[in-house]
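A structural walkthrough
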Amino acid sequence: MHAPDLILTGAEIRTLDPERPYAGAVAVSDGVIAAVGDEADVPAWRGPGTEVVALEGAHLVPGLVDAHSHPVWGLDMATGVDLSGVRDLAGLRSALAGAERIDGWVVGFGLDHNAFEGRPIDRALVEDAIGAGTPAFLRLYDGHSALATGAALAVAGVTGPRVFAQRSEVVCDASGRPTGHLVEHAAMDLLTRVLPRPSHAVRRARLVDLLTAMAATGLTGAHVMDAGDMELVGSIARETVLPVRLRFAPWCMPGADTAALEELIAVQGRGGRHWRVGGVKFFMDGTVEGGTAWLEHADCHGQGTEAFWPEPEAYEVAVRHLHAAGVRTATHAIGDAAVRHVLDVVAGLGPDARGRHRVEHIETAPDALLPRFAELGVAAGMQPPHTAYTRADGTDEWSRRLGTARAGHAWRLRDLRDAGATVALGSDWPIAHYDVRAVLATARAPRGAASARAGLTGLEALEGCTSHAARAAGEERAAGRIAVGYRADLTALGLDPVKAPADEVAEAPVRLTVTGGHVVHRAC
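Quick summary incoming for the structure in this document. Source: prediction; values computed, not measured.

Basis of the calculations
Residues numbered from 1 in each chain as written. Predicted model: local features only at pLDDT ≥ 70, side-chain atom pairs only at ≥ 80, totals over all residues. Heavy atoms only, no water. Buried < 20%, exposed > 50% of the residue type's maximum accessible area, 1.4 Å probe, protein only. Helix = DSSP H or I, 4+ residues; strand = E, 2+ residues; numbered from the N terminus. Pairing = 2+ DSSP bridges. Salt bridge = Lys/Arg side-chain N within 4 Å of Asp/Glu carboxyl O. Phe/Tyr/Trp six-rings, centres within 6.5 Å; stacked < 30°, edge-to-face > 60°. 1 Å grid on protein atoms, 1.4 Å probe; cavity = no way out; pocket = protein on both sides within 12 Å on 5 of 7 lines; lining within 4 Å. Points joined across faces, edges and corners; volume = space filled by probe spheres on them. Nonpolar A, V, L, I, M, F, W, Y, C, P; charged D, E, K, R; others polar.

Comments concerning the pairing of strand E9 (residues 136-140)
Across the five residues of E9, five count as buried, placing the element largely inside the fold. The alternating pattern of E9 places Ala 136, Leu 138 and Leu 140 on one face and Phe 137 and Arg 139 on the opposite face, and all of these are buried. As paired elements, strand E8 (residues 106-111) and E9 share four bridges and run parallel to each other. Counterpart to Val 107 in the pairing with E9 is Phe 137. Pairing analysis gives three bridges linking E9 to strand E10 (residues 145-148), with the strands arranged antiparallel. Note on E10: the bridge partner recorded for Leu 138 is Leu 147. A loop of four residues connects E9 with E10, the two strands running antiparallel in sequence, and Gly 143 in this loop sits at a positive phi of about 75°.

Put into structure tokens, the structure is as follows:
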């Protein structure tokens, strides 16, 4: 071994490597782990140009990964006034009345469905607070729906219902008047294409700031469940070190023909330092609160019986085409029917599909579906912080729509792990905050509708953001543990994330974050 670039010593190192579970020092060279040993080995490793960082009292673990995030697309989603703290209509009107205008628009994000207090979502509820003639576009927290004012609809030329290739809706009242409620991506895109857009320089600065802030929570990587902006990311990666390693999975939407699938295949492997394209993202349904989760039986509003792909068999054709080309897939499936359909499709691919496909969200699933994840080798991508949008007493919109029985199947992290599944954990930022410490904490202590259910152990939660995240991405031989030849992605915390109480983990001091051998955050 030639002299390493970086040596970390003085910490209790939990490697997640079964060959050597604990260590006292790690050496890094050219972005990978060159040696794992004890403090007594450090003098022999050290060279004249080696940086040695003493992490006295810290706990070093494999670099933490957010297994479901949208850091680039989310820049647009998290624009304008933050409405995530709004709890009722009075609070919403107050927030909008004082909102800053962006090129004459009011733009907001993070709005909780529960803020409408059970009323149908309608622009009439907010237009008087915003002001007559002011265009406004308010994204609901789920990322699958929004509310637009009449002035905004007029700018976009939306005067009535539309027909889409995917399951989307411009909601209209009995007279045909658009209520302003836009459900799912195609409907929202009618407005996003006319929204004010920041300059390239502003978006670049925001992305660098965001990734830096993510690294400060201990994040070293993220599975990005969209195509992002490859030109923007590539330009930043050429100029500086991306603080967080990004793995992109571009979307495949209903209507995609063979040419579109071949384009998705062609882009696989594109990338640069700390970023690459690896996989394709599908949607099998939408959200429970929006009435677009695909359920075996209708929700309490009579909705939820249709898939996001109007012809679910077309989804299977697309997955088969990509699978034959060696492309990994991740499918958004929240409702029980959506989860079942994805598992059925993977089962039909044959034995070589094991370990190559994953299901995202899985917010409600009956007992019978759980063992199929391990049987088929399908990873479960779960977002524990989403449980905070529900309430333990069942009075939230998510629980009311599902009813008691299905709400009782909320976010079955523990049950999936017990069934032998790979469970990769994430935040789904900007749907929930990107702080990976909160992901670890809520995985152990789920909230709201899932609070009566046992969470993961401290070790299982850590694995969800390390070794299981790596397995879900097919990177288990390169990431997720501290071992020679593995990526030098490392996180040092001020306490043991496995043994410390969950509430303390949520606020754990982050001493050091290393991505690809580069120190991207330091507080020691």
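Description of the pattern of salt bridges
A side chain with one charge may pair with a side chain of the opposite charge, provided their charged atoms come close. Following the criterion strictly, the structure yields 33 salt bridges and no others. Across the pair Asp 496 and Arg 14 runs a salt bridge, and its minimum N-O distance is 3.2 Å. Of the two residues, Asp 496 is situated in the loop between strand E22 (490-493) and helix H18 (502-505) and Arg 14 in strand E1 (residues 6-14); the sequence distance between them amounts to 482 residues. Residues Asp 496 and Arg 14 agree in their burial class; the two are buried. We note a salt bridge from Asp 17 to Arg 481, for which the minimum N-O separation is 3.5 Å.

Focus on the packing of aromatic side chains
All chains considered together, the criterion is met by ten aromatic pairs. For the ring pair Phe 282 and Tyr 315, a centre distance of 5.1 Å and an interplane angle of 85° mean the geometry is edge-to-face. Here Phe 282, found in strand E17 (residues 280-283), pairs with Tyr 315, found in helix H10 (residues 312-324); they are 33 residues apart in sequence, far enough to count as distant. For the ring pair Trp 309 and Tyr 315, a centre distance of 6.0 Å and an interplane angle of 70° mean the geometry is edge-to-face. Taken as a pair, Trp 309 and Tyr 315 share a single burial class, namely buried. Every member of this aromatic cluster is reached through a ring pair, and the members are Trp 73, Trp 251, Phe 283 and Phe 308.

A few points about empty space enclosed by the protein
Counted according to the given criterion, the structure contains four cavities of 30 Å³ or more. Within this model, the largest cavity holds a volume of roughly 230 Å³. Lining the largest cavity are 26 residues, with Asp 142, His 144, His 386, Asp 428 and Ile 431 sitting closest to its centre. Those elements that place two or more of their residues in the lining of the largest cavity are helix H2 (73-77) and E17. Here the residues of the lining of the largest cavity are counted per class, giving eleven nonpolar, ten polar and five charged. The calculated volume of the second largest cavity comes to roughly 120 Å³. Around the second largest cavity sit 15 residues that line it, and Met 225, Arg 247, Ala 249, Gly 278 and Arg 358 are the ones nearest its centre.

Bear in mind that shape data such as this cannot, by itself, settle questions of function.
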